[in-house]
Amino acid sequence: MAKKPKLDLREIENKWREFWEKEEIFKFNPSTNKKIFSIDTPPPYASSGHLHVGHALHYTQFEIIARVMRLLGREVYFPPGFDDNGLPTEKYVETKLGVSKKDVDREEFRKICLEESRKVEKDYAERVFKKLGHSYDWSLLYQTISPEAQRVAQTAFVRLYNQGDCYRKEEPVIWCPYHQTALAQAEVEDLKRTTTLNYIDFELAEGGKITIATTRPEFLPACVGIFVHPQDERYKSLVGKKAIVPIFKQEVEIMADEKVEQEFGTGIVMVCTFGDNTDIEWWKKHNLELRNMLNPDGTLNEIAGELAGKPIEDARREIIEKLRELGKLEKQEKLEQVVGACWRCGTPVEYIVTKQWFVRTLKYKKELIERAREIKWHPEFMRKRFEDWTNNLNWDWIISRQRYYGVPIPAWYCERCNEIIVANEDELPVDPTKKEKKCEKCGATAKPEEDVFDTWMTSSNTPEIAGRWLEKPEIYEKLAPFSLRPQSHDIIRTWAFYTILKSHLLFNRRPWNEVMIGTYVLDAKGKAMHKSKGNAIWAEDLIEKYGIDAFRYWVSTASIGSDLPFNETELVAGQRLITKLHNAANFVFMNLEGFEPDSKSSTEIDLSSLEKMDAWLLVKLSKTLDKVREHFENYEIHLARLEAEEFFWHTFADNYIEIVKRRIYSGNGKEKRSAQLTLYHAFLAILKMFSPVTCFITEDIFQRFYASKEGVKSIHISSWPAFNFANSELAEDVERVGDRFVELLKDVRKAKSNAKRAMNAKVKLGLANSDMELLAPALEDFKGVTCAEEIKQVENCDSLSVEFLQ
RNA sequence: GGUCCUGUGGUCUAGUGGUUAUGACGUCCGCUUGACGUGCGGGAGAUCCCCGGUUCGAAUCCGGGCAGGACCACCA
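Keep in mind that what you see is a predicted model, and the values were worked out from it rather than measured.

**Student:** What exactly am I supposed to notice about the overall build of chain A here?
**Tutor:** Of regular secondary structure, chain A possesses 23 helices and 28 strands. Computed over C-alpha atoms, the radius of gyration of chain A comes to 35 Å, more than 25% over the 28 Å expected from 2.2 N^0.38 for 806 residues, which places it beyond the range of a compact globule. The C-alpha extent of chain A, read off along each of the three principal axes, is 115 × 60 × 45 Å. Across the 806 residues that make up chain A, the buried fraction comes to 57%. Of the contacts formed within chain A by residues at least 6 apart in sequence, a portion of 78% connects residues at least 24 apart. When the accessible surface of chain A is split by element, carbon and sulfur atoms take 47% of a total near 34900 Å². Here chain A contributes 117 positive and 128 negative side-chain charges, whose respective centroids are spaced 2 Å apart.

**Student:** I tried to follow the protein's contact with RNA strand B on my own but got confused; where do I start?
**Tutor:** Lining the immediate environment of RNA strand B, one finds 54 residues, of which Glu261, Gln337, Arg493, Arg576 and Tyr665 sit closest. Here a base nitrogen of RNA strand B and a backbone polar atom of Phe264 are 3.2 Å apart. Within the backbone of Arg749, an N or O atom sits 3.4 Å from a sugar or linking oxygen of RNA strand B. Elements supplying a minimum of two residues to the surface near RNA strand B: strand S8 (209-214), strand S12 (268-272), strand S13 (329-342), helix H9 (382-392), helix H16 (569-590), helix H18 (637-666) and helix H21 (728-754).

**Student:** It is not clear to me how helix H5 (residues 147-162) should be interpreted in this structure. Could you clarify?
**Tutor:** Residues three or four positions apart in an α-helix share a direction because the helix packs 3.6 residues into each turn. With 16 residues, H5 ought to run about 22 Å at 1.5 Å a step, and its terminal C-alpha atoms sit 22 Å apart, in line with that. Of the residues making up H5, those classed as buried are Ala149, Gln150, Val152, Ala153, Gln154, Thr155, Ala156, Phe157, Val158 and Leu160. One or two steps after H5, the chain reaches Gly164, where phi turns positive at roughly 85°.

**Student:** It is not clear to me how a negative patch on the surface should be interpreted in this structure. Could you clarify?
**Tutor:** A cluster of acidic residues, Asp105, Glu107, Glu108 and Glu115, forms a negative patch on the protein surface. Within the secondary structure, Glu115 sits in helix H4 (residues 106-130).

**Student:** Whenever I open this one, the pattern of salt bridges confuses me. Can you help?
**Tutor:** If charged atoms from side chains of opposite charge come close, those side chains can pair. Applying the stated criterion across every chain yields a total of 64 salt bridges. A salt bridge links Glu63 to Arg552; the nearest nitrogen and oxygen atoms lie 2.7 Å apart. Of the two residues, Glu63 is situated in helix H2 (residues 53-71) and Arg552 in helix H15 (residues 548-555); the sequence distance between them amounts to 489 residues. With respect to burial, Glu63 and Arg552 carry one shared label: buried. Residues Lys384 and Asp388 are paired through a salt bridge, measuring 3.3 Å at the closest nitrogen-oxygen approach. Of this pair, Lys384 and Asp388 both sit in helix H9, separated by four residues, roughly a single helical turn. Residue Asp388 is classed as partly exposed on the basis of its relative accessible area of 34%. A single network of salt bridges, built from pairs that share partners, joins Arg216, Glu218, Glu313, Arg316 and Glu350.

**Student:** Looking at this structure, how should I read the sheet that holds strand S15 (residues 376-378)?
**Tutor:** Pairing between the strands of a sheet comes from backbone hydrogen bonds, and it takes one of two forms, parallel or antiparallel. Read from one edge of the open sheet, three strands run S15-S23-S22, paired in parallel fashion. Because the sheet does not close on itself, it has two edges, and the strands there are S15 and strand S22 (482-487). Across the sheet, the axes of successive neighbouring strands diverge by a mean angle of 15°, strand direction being ignored. Relative to strand S23 (residues 512-517), S15 runs parallel, the two sharing three bridges. Counterpart to Trp377 in the pairing with S23 is Val515. Sheet strands in contact with helix H13 (residues 492-507) are S15, S22 and S23, and its direction is about 160° off that of S22.

**Student:** Even after reading the chapter, I still don't get unusual backbone geometry, so can you show me in this structure?
**Tutor:** As a rule of thumb, non-glycine residues mostly have phi less than zero, and peptide bonds are mostly trans rather than cis. Look at the link from Thr273 to Phe274: it is a cis peptide, with omega at -10°. Among the secondary structure elements, Phe274 is positioned in the loop between S12 and helix H6 (277-285). For Cys787, which is not glycine, the phi torsion reads 60° and is therefore positive. Position of Cys787 relative to the elements: it lies in the loop between helix H23 (779-786) and strand S27 (788-794).

**Student:** Is there a simple way to explain the pairing of strand S26 (residues 763-768) in this structure?
**Tutor:** On a regular strand, one side chain projects to one face of the sheet and the next to the other, so that they alternate. Counting buried positions along S26 gives five out of six residues, so the element sits mostly inside the fold. In this sheet, S27 lies alongside S26 in parallel orientation, the contact comprising six bridges. Each residue of the ladder has a partner; that of Gly766, found in S27, is Lys792.

**Student:** What exactly am I supposed to notice about the confidence of the model for chain A here?
**Tutor:** Keep in mind that low pLDDT regions are not for reading the predicted coordinates in detail. For chain A, per-residue confidence averages 89 on the pLDDT scale, and 98% of positions sit at 70 or higher. Prediction confidence for the complex, expressed as pTM and ipTM, is 0.89 and 0.91 respectively.

**Student:** So what exactly am I meant to see when it comes to the sheet that holds strand S28 (residues 801-804) here?
**Tutor:** An order of S27-S26-S28 is seen for the three strands of this open sheet, with the pairing classed as mixed. Single-partner strands in this sheet number two, and they are S27 and S28. Direction aside, neighbouring strands of the sheet carry axes that sit 20° apart on average. Examined bridge by bridge, S26 and S28 share four bridges and lie antiparallel to one another. Of the residues in S28, the one forming a bridge with Leu765 is Val802. Contacting S26 and S27, H23 runs over the sheet at an angle of about 125° to S27.

**Student:** Which parts of the structure should I look at to understand the packing of H18 against H21?
**Tutor:** Between two packed helices, what matters for the description is the angle formed by their axes and the separation of those axes. In the contact formed by H18 and H21, the axes pass within 12 Å of each other and the chain directions differ by 90°. One element, H18, and the other, H21, form an angle in the roughly perpendicular class. Seen from H18, the contacting residues are Asp654, Asn655, Glu658 and Ile659; seen from H21, they are Phe741, Val742, Leu745 and Arg749. In terms of residue class, the contact of H18 with H21 is built from four nonpolar, one polar and three charged.

**Student:** Help me out: how do you make sense of helix H20 (residues 695-710) in this one?
**Tutor:** With 16 residues, H20 should reach 22 Å at 1.5 Å per residue; the first-to-last C-alpha distance of 18 Å falls well below that figure. Taken as a whole, H20 carries its principal kink of about 60° at Gln703. Counting buried positions over the 16 residues of H20 gives 12, a clear majority of the element. By the burial criterion, the buried members of H20 are Cys695, Phe696, Ile697, Thr698, Glu699, Asp700, Ile701, Phe702, Phe705, Tyr706, Ala707 and Glu710.

**Student:** It is not clear to me how the nonpolar core should be interpreted in this structure. Could you clarify?
**Tutor:** Generally speaking, nonpolar side chains in soluble globular proteins are found buried as a group. Counting 133 residues, the largest nonpolar core has Phe551, Trp554, Phe648, Phe652 and Phe683 as its most contacted members. Those residues in contact with Phe648, other than ones at most four positions away along the chain, are Leu577, Lys580, Leu581, Ala584, Ala653, Phe683, Ile686 and Phe690. In this structure, Ala186, Met382, Val407 and Leu479 belong to the second largest nonpolar core, which totals 66 residues.

**Student:** How should I be thinking about the side chain of Gln61 in this particular structure?
**Tutor:** Looking at the secondary structure, you find Gln61 in helix H2. The class for Gln61 is buried, based on a relative accessible area of 1%.

**Student:** Can you walk me through the packing of aromatic side chains in this structure?
**Tutor:** The geometry of an aromatic ring pair comes down to the distance between the two centres and the angle between the two planes. Scanning the model with the defined rule gives 43 aromatic pairs in all. Arranged with centres 5.2 Å apart and planes meeting at 15°, the rings of Tyr167 and Phe358 form a pair that is stacked. Linking Tyr167 in strand S5 (residues 166-176) with Phe358 in strand S14 (residues 350-359), this pair joins segments that are 191 residues apart in sequence. Taking relative accessible area as the criterion, Tyr167 reaches 18% and is therefore assigned buried.

Conventions adopted
Residues numbered from 1 in each chain as written. Chains lettered and ligands numbered in written order. Predicted model: local features only at pLDDT ≥ 70, side-chain atom pairs only at ≥ 80, totals over all residues. Heavy atoms only, no water. Helix = DSSP H or I, 4+ residues; strand = E, 2+ residues; numbered from the N terminus. Rg over C-alpha atoms; globule rule 2.2 N^0.38 Å. Buried < 20%, exposed > 50% of the residue type's maximum accessible area, 1.4 Å probe, protein only. Contact = heavy atoms within 4.5 Å. Areas by Shrake-Rupley, 256 points an atom, 1.4 Å probe, with all protein chains shown as cover. Lys, Arg positive; Asp, Glu negative; His and termini not counted. Charge placed at Lys NZ, Arg CZ, Asp CG, Glu CD. Near = heavy atom within 4 Å. Polar contact = N/O pair within 3.5 Å; in protein donor to acceptor, adjacent residues only side chain to side chain. Expected span 1.5 Å × (residues − 1). Patch = residues over 30% accessible without salt bridge, like charges linked within 9 Å, V, L, I, M, F, W, Y side chains within 5 Å. Salt bridge = Lys/Arg side-chain N within 4 Å of Asp/Glu carboxyl O. Pairing = 2+ DSSP bridges. Axes fitted to C-alpha atoms, helices over the stretch in contact; angles between N-to-C directions. pLDDT = per-residue confidence, 0-100. Parallel < 35°, antiparallel > 145°, perpendicular 65-115°, else oblique. Nonpolar A, V, L, I, M, F, W, Y, C, P; charged D, E, K, R; others polar. Bend = angle between axes of the 7 residues up to and from the residue. Core = buried A, V, L, I, M, F, W, Y, C linked by side-chain atoms within 4.5 Å. Phe/Tyr/Trp six-rings, centres within 6.5 Å; stacked < 30°, edge-to-face > 60°.

Structure (structure tokens):
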């Protein structure tokens with residue numbers, strides 16, 4: 001008798017995790033003959049806090065796909081990466097070490113950031129990725145702040161500049177007064193708030209007055225025009241006249257524009273440079289004067305007269321006070337308002353005019369939508385989000401940021417002749433502040449650019465960074481376009497969008513063949529989980545309680561692209577499956593003692609040499625394998641798992657094992673061997689179907705018995721089982737017999753249950769003629785599993801009769 | 001305001017024109033000793049969100065609602 005190993009999950013996890021790492025099971029082989037499956041993995045920002053289940057699920061979801069693809073015979077390129085380039089790192093370092101970037105040299109500050117992120121990342125890799133059993137090839141690790149990544153981002157920039165897709169221009173841009181940097185449209189989020197709508201009187205130059213409603217009275221000094229609707233009967237006569245701005249006394253013209261909402265406020269709008277988006281639009285359209293009133297830090301400048309130097313909020317209060325004193329404030333109303341805010345700090349954004357770098361985007365809307373259509377989206381409807389976003393864009397992509405920690409923009413400016421000097425590709429990566437450049441035209445020393453890139457400028461090149469575009473172009477060309485980009489839906493407008501844009505502009509092709517949008521986890525009540533709301537669930541707790549395989553099982557219940565309310569019973573179900581696999585292994589291996597398969601290949605099995613019910617199981621298994629494979633290939637992990645589980649639990653364990661026990665325990669040599677052969681191949685196939693999901697227990701079971709017999713180092717680099725039954729007619733016949741067998745077995749069990757008898761109660765059975773004939777080749781099995789002493793043929797009977805003995 | 005997604009027994013879930021509508025958890029009844037009481041069999045429990053339509057036939061297709069969620073646009 002084989003020893004029955006105790007199921008110690010923790011031990012199993014540690015043992016095989018170490019084994020995979022030591023044996024380099026997941027190492028990418030660049031000289032492979034296999035078809036390559038390359039994954040453009042999302043580099044997480046490594047944080048030291050608890051691991052959110054949503055995050056763990058997302059990363060495990062596509063990790064399962066990596067394992068699936070290996071099993072399906074692909075050479076998988078699965079590089080781990082970290083996103084350590086940008087504001088979160090800056091903030092982390094400032095808080096943790098108590099240094100402010102303002103007090104430290106830029107170079108020095110970057111060095112500290114780099115060191116700190118290395119530490120956090122190393123810890124994160126051990127604590128999260130390796131712990132969860134993720135099968136990355138760690139030799140391919142990349143960091144978005146590394147010199148290699150900087151070189152990629154800068155090279156992309158230089159190429160775009162040289163081909164005219166990148167330009168520098170003085171423009172009103174979206175501005176975060178807190179971070180004191182320009183922002184891209186994608187970095188702005190909605191902020192709902194209640195504000196005050198102020199009705200303010202303006203005098204007309206020729207006498208009389210008008211009333212204007214505004215939420216931003218502090219912008220009066222920057223007022224450059226007034227608009228009414230061209231069809232508005234109340235104000236038609238005003239068009240062309242001049243009004244005088246209260247307090248600041250500048251004269252502005254009253255003009256007409258269709259976009260004015262007659263019902264809002266008084267139906268008269270003032271335009272200031274710049275209070276909002278519409279101001280910019282009208283400023284451009286009507287060629288208005290520029291009265292740039294804001295400083296980069298969100299305070300007012302000399303245009304605001306005595307309010308100069310005051311922050312916006314203070315200025316607003318003071319102006320309202322003054323208007324009230326002057327009797328110019330008609331009334332005030334509460335107003336529900338949605339304003340754009342910086343996605344990181346929540347500060348409402350402003351618009352100021354500065355010189356910034358842009359990547360041409362608006363010009364390519366159509367092409368980008370075409371590119372996105374070349375890509376297969378999972379689920380399909382997520383592409384719509386991409387198209388909506390692209391269609392609605394109204395700014396080119398601003399790529400310069402007035403920050404310290406990031407990839408420097410490799411450019412210099414000649415202050416004498418205004419020439420822009422962009423670095424040569426062969427000097428990259430370069431920090432322009434550390435390298436002196438002379439103007440190519442006039443020879444003067446050029447002033448280095450101090451801004452850095454938007455982090456997406458780097459992240460949008462993850463295929464190139466992860467694929468070693470510049471370092472190993474021959475490998476990169478084999479990988480690109482990448483097979484798959486897994487990501488979450490909230491960054492379609494940024495990560496997916498910019499990556500498609502970059503790939504289109506740089507390589508004139510799609511960046512990947514497929515996109516898989518991960519599942520978003522909600523709490524049990526269907527609400528978003530937030531640490532602050534107290535409904536967040538931590539992955540560590542679940543792993544502690546249920547083990548990693550059960551956690552991964554839970555991940556496998558999620559379907560791509562739809563939200564998943566957290567359901568702890570799924571973890572319990574996972575635990576049950578793991579136990580069942582373990583117990584089934586005990587049974588199977590115990591009964592395969594001394595058994596040697598004829599051949600390693602299951603494709604060479606001759607159905608006609610097997611007992612009927614053995615053949616039946618393999619035919620069913622073969623069909624299951626096809627379905628599971630298809631679901632996996634469509635990234636429908638939940639359906640694949642469901643299918644595999646149904647087969648394992650019901651067809652294999654509840655029915656087949658019960659049927660085959662008689663032959664295993666007391667059958668003759670031939671019928672026993674048929675059963676053993678079937679058990680051997682069927683259970684191996686079952687393990688393989690589950691291996692991408694419950695990767696630890698399946699490896700453990702595989703190693704106990706199959707590894708040496710199959711001559712394979714790990715189940716995770718074994719091949720997908722295939723049965724190739726030459727005689728399909730025979731397969732059909734076998735299925736007809738077996739299916740009816742199982743139906744009748746169910747009826748017998750039901751009869752026993754109704755009579756409150758034990759399942760092994762002895763019976764006499766009566767079968768209809770047709771069934772008797774059909775079951776003839778498997779009659780001994782049927783007798784065995786039903787514990788029938790005798791089976792009679794019953795004339796003219798269309799159902800089963802069960803007679804109990806005793 | 002626009003677009004998209006979702007809506008199936010108490011809970012979660014499968015199911016893209018014909019099924020006695022799947023399975024899991026829970027619940028109830030019963031069984032047990034040659035893998036597993038972390039097991040096995042069975043039962044109860046569903047107006048398949050609502051209203052129309054197409055069809056011989058709809059959970060499934062179409063139209064209109066309702067509810068929840070997401071994305072986008074928004075207003076001085």
